[in-house]
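# Understanding the architecture of this molecule
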Amino acid sequence: MRQQVSNVVGVAAVARPAAAAPRRRPVDWLDHEQVLGWLLVAPVVILLLGLVAYPFVVAVGYALSDRTLADEGVFIGLGNFWNLLENDIYRQTLRNTFVFTGGAVAIKILLGLGVGLLLNEAIPFRRFFRAAILLPWIVPTVLGTMAWLWMFNPNFSVLNWILVHSGLMPTGFDWLTNPDLALFSVILVNAWRGTPFIAITVLAGLQSIPKDFYEASTIDGANKWQRFRHVTLPLLAPVLLTAVVLSVIWTFSDFGIVYGLTQGGPMNSTHVLATLSYSTALMSGNLGEGAAISLTMLPLLLILIVWQLHRIRKSNVT
């Protein structure tokens, strides 16, 4: 009898259909961190591919051809780059770019560090000045450039009026029409616009330094200069270095200020790589050479970016 019951149970178990596996809903995929992570970064990846990768590939294709606005052109390899090495205007532009970048960044570091230290002190109307210092940075480039064009105008320049009426100079300067002064003028405007970024970054770094360090150094007999040299500067160095690297990248590739003030003149004295690339490609119609000029900025910027990312990753690990 038991054997018969066991056989019946066995047959029923075999005859019973296996339970169907639960169907996975699309929402269940979100429970996996890897899938969710890819979904979250997908919009950024698509934007980078469309706005960065695709234009870069097109620019490389143009740079390796003799394409113009009126002709598709043919593949010429590195011909455009070899031609640039023999171009006097390009060599002058390359010198202008390094002078422009080095001068503007140096001024921004000195002024930004000084302003940041001043805003960190207990001065009257400190909150107002902290907000007002951001104005050059947040004002659109076009508006700021137009204001400086008015101040540099040889007929009704505010700067010339101050110099003449204060007795410092008998006559004013031709700020943007004198080849010896034009590059200095665009450096001045770029420094005016970029100094707030350095100042606010320095201020943020100063706010993160514990006050105990200053108290301990004061007890040890350190004066203000010694506290700045041995406490403030070492602890501020990582933040300041990041701001300097970003400033170099932005200044090296600046276009709006230089083109808005001088369009590269007079006599190509203020041409930088960005403005020369625009002038060659769109104004002269030589797309291949213009793309090659713009790509010559890539090695230095790539080195700075890779070095900065390596430094950030190293600091996060340590």
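Residues numbered from 1 in each chain as written. Predicted model: local features only at pLDDT ≥ 70, side-chain atom pairs only at ≥ 80, totals over all residues. Heavy atoms only, no water.

### A word on the pattern of salt bridges
Inspection of the entire model under this criterion finds two salt bridges. Here Arg-67 makes a salt bridge to Glu-72, at a shortest N to O gap of 3.4 Å. On the basis of relative accessibility, which here comes to 22%, the residue Arg-67 falls in the partly exposed class. For Asp-88, the salt bridge is made with Arg-91, and the minimal N-O distance between the two is 2.2 Å. With Asp-88 and Arg-91 both in helix H4 (residues 88-119), this residue pair falls three residues apart, about one helical turn. (Salt bridge = Lys/Arg side-chain N within 4 Å of Asp/Glu carboxyl O. Buried < 20%, exposed > 50% of the residue type's maximum accessible area, 1.4 Å probe, protein only. Helix = DSSP H or I, 4+ residues; strand = E, 2+ residues; numbered from the N terminus.)

### Quick word on H4
An α-helical turn contains 3.6 residues, so any two residues separated by three or four positions project in the same direction. A rise of 1.5 Å per residue sets the reference length of H4, with its 32 residues, at 46 Å; its end C-alpha atoms lie 46 Å apart and thus fit the reference within 8%. N-capping of H4 is provided by Asn-87, with a side-chain oxygen placed 2.9 Å from the backbone N of Ile-89. (Expected span 1.5 Å × (residues − 1). Polar contact = N/O pair within 3.5 Å; in protein donor to acceptor, adjacent residues only side chain to side chain.)

### Details of helix H2 (residues 33-63)
For H2, which comprises 31 residues, the first-to-last C-alpha distance of 42 Å matches the rise-based estimate of 45 Å (1.5 Å per residue) to within 8%. The sharpest bend along H2 comes to roughly 40°, located at Ala-42, with the proline Pro-43 sitting one to four residues further on. (Bend = angle between axes of the 7 residues up to and from the residue.)

### Quick look at unusual backbone geometry
The step from Gly-265 to Pro-266 runs through a cis peptide bond, and the omega angle for that step is -10°. Its location among the elements puts Pro-266 in the loop between helix H12 (256-261) and helix H13 (273-283). One non-glycine residue with positive phi stands out, namely Phe-125, at about 55°. By the secondary structure assignment, Phe-125 is in the loop between H4 and helix H5 (126-132). Phe-125 gets classed as exposed once you look at its relative accessible area, which sits at 66%. Look at Asn-268: it is not a glycine, yet its phi comes out positive at around 65°. By the secondary structure assignment, Asn-268 is in the loop between H12 and H13.

### Focus: the nonpolar core
In this structure, Tyr-90, Ile-198, Val-202, Leu-273 and Ile-293 are the most contacted members of the largest nonpolar core, which totals 28 residues. At the level of secondary structure, the elements contributing two or more residues to this core comprise H4, helix H9 (179-207), helix H11 (224-252), H13, helix H14 (287-295) and helix H15 (298-317). By residue number, the principal contributor to this core is H11, which donates nine residues. Setting aside its immediate chain neighbours within four residues, Ile-198 contacts Lys-108, Ile-109, Gly-112, Leu-113, Leu-240, Ala-243, Val-244 and Ser-247. In terms of nonpolar packing, the next biggest core, distinct from the first, is built from 16 residues, Leu-163, Trp-175, Val-189 and Val-272 among them. (Core = buried A, V, L, I, M, F, W, Y, C linked by side-chain atoms within 4.5 Å. Contact = heavy atoms within 4.5 Å.)

### Re the confidence of the model for the protein chain
Residue-level pLDDT values for the protein chain average 84, and 89% of them are 70 or greater. Confidence drops under pLDDT 50 across residues 11-15; counting only partners more than four residues distant or on other chains, this segment forms zero contacts. (pLDDT = per-residue confidence, 0-100.)

### Section: the packing of aromatic side chains
Throughout the structure, instances matching the rule amount to 13 aromatic pairs. Ring geometry for Phe-128 versus Phe-129: centroids 5.5 Å apart, planes at 65°, classification edge-to-face. What makes Phe-128 exposed here is its relative accessible area of 56%. You can call Phe-129 partly exposed: its relative accessible area is 38%. Judged by centre distance (5.1 Å) and plane angle (15°), the rings of Phe-255 and Tyr-259 are stacked. Owing to a relative accessible area of 30%, Phe-255 belongs among the partly exposed residues under this scheme. Judged by relative accessible area, Tyr-259 falls into the buried class, the value being 18%. (Phe/Tyr/Trp six-rings, centres within 6.5 Å; stacked < 30°, edge-to-face > 60°.)

### As for the side chain of Asn-190
For Asn-190, the location among the structural elements is in helix H9. Ignoring anything within four residues of it in the chain, the contact list for Asn-190 reads Phe-100, Ala-104, Lys-108, Thr-251, Asp-254 and Ile-257.

### With respect to the packing of H4 against H11
It is the contact of H4 with H11, at a shortest axis distance of 10 Å, that shows an interaxial angle of 140°. Regarding H4 and H11, the two cross each other, and that crossing is right-handed. Residues Thr-97, Phe-98, Phe-100, Thr-101, Ala-104, Val-105, Lys-108, Ile-109, Leu-113 and Leu-117 of H4 touch H11, and the partners they reach there are Phe-228, Thr-232, Leu-236, Val-244, Ser-247, Val-248, Thr-251 and Phe-252. By residue class, the composition of the contact of H4 with H11 is twelve nonpolar, five polar and one charged. (Axes fitted to C-alpha atoms, helices over the stretch in contact; angles between N-to-C directions. Left-handed = near helix turned anticlockwise from the far one by under 90°. Nonpolar A, V, L, I, M, F, W, Y, C, P; charged D, E, K, R; others polar.)

### A few points about the packing of helix H7 (residues 141-152) against H9
The axes of two packed helices give the description: the angle between them and the distance between them. Two elements in contact, H7 and H9, have axes whose closest approach is 11 Å; the angle formed by their N-to-C orientations is 135°. Judged by the angle between their axes, H7 and H9 are oblique. Note on packing geometry: the crossing formed by H7 with H9 is right-handed. Here Thr-141, Gly-144, Trp-148 and Phe-152 of H7 lie close against H9, whose contacting residues are Ser-185, Leu-188, Val-189, Trp-192 and Arg-193. Of the residues in the contact of H7 with H9, the class split is five nonpolar, three polar and one charged. (Parallel < 35°, antiparallel > 145°, perpendicular 65-115°, else oblique.)

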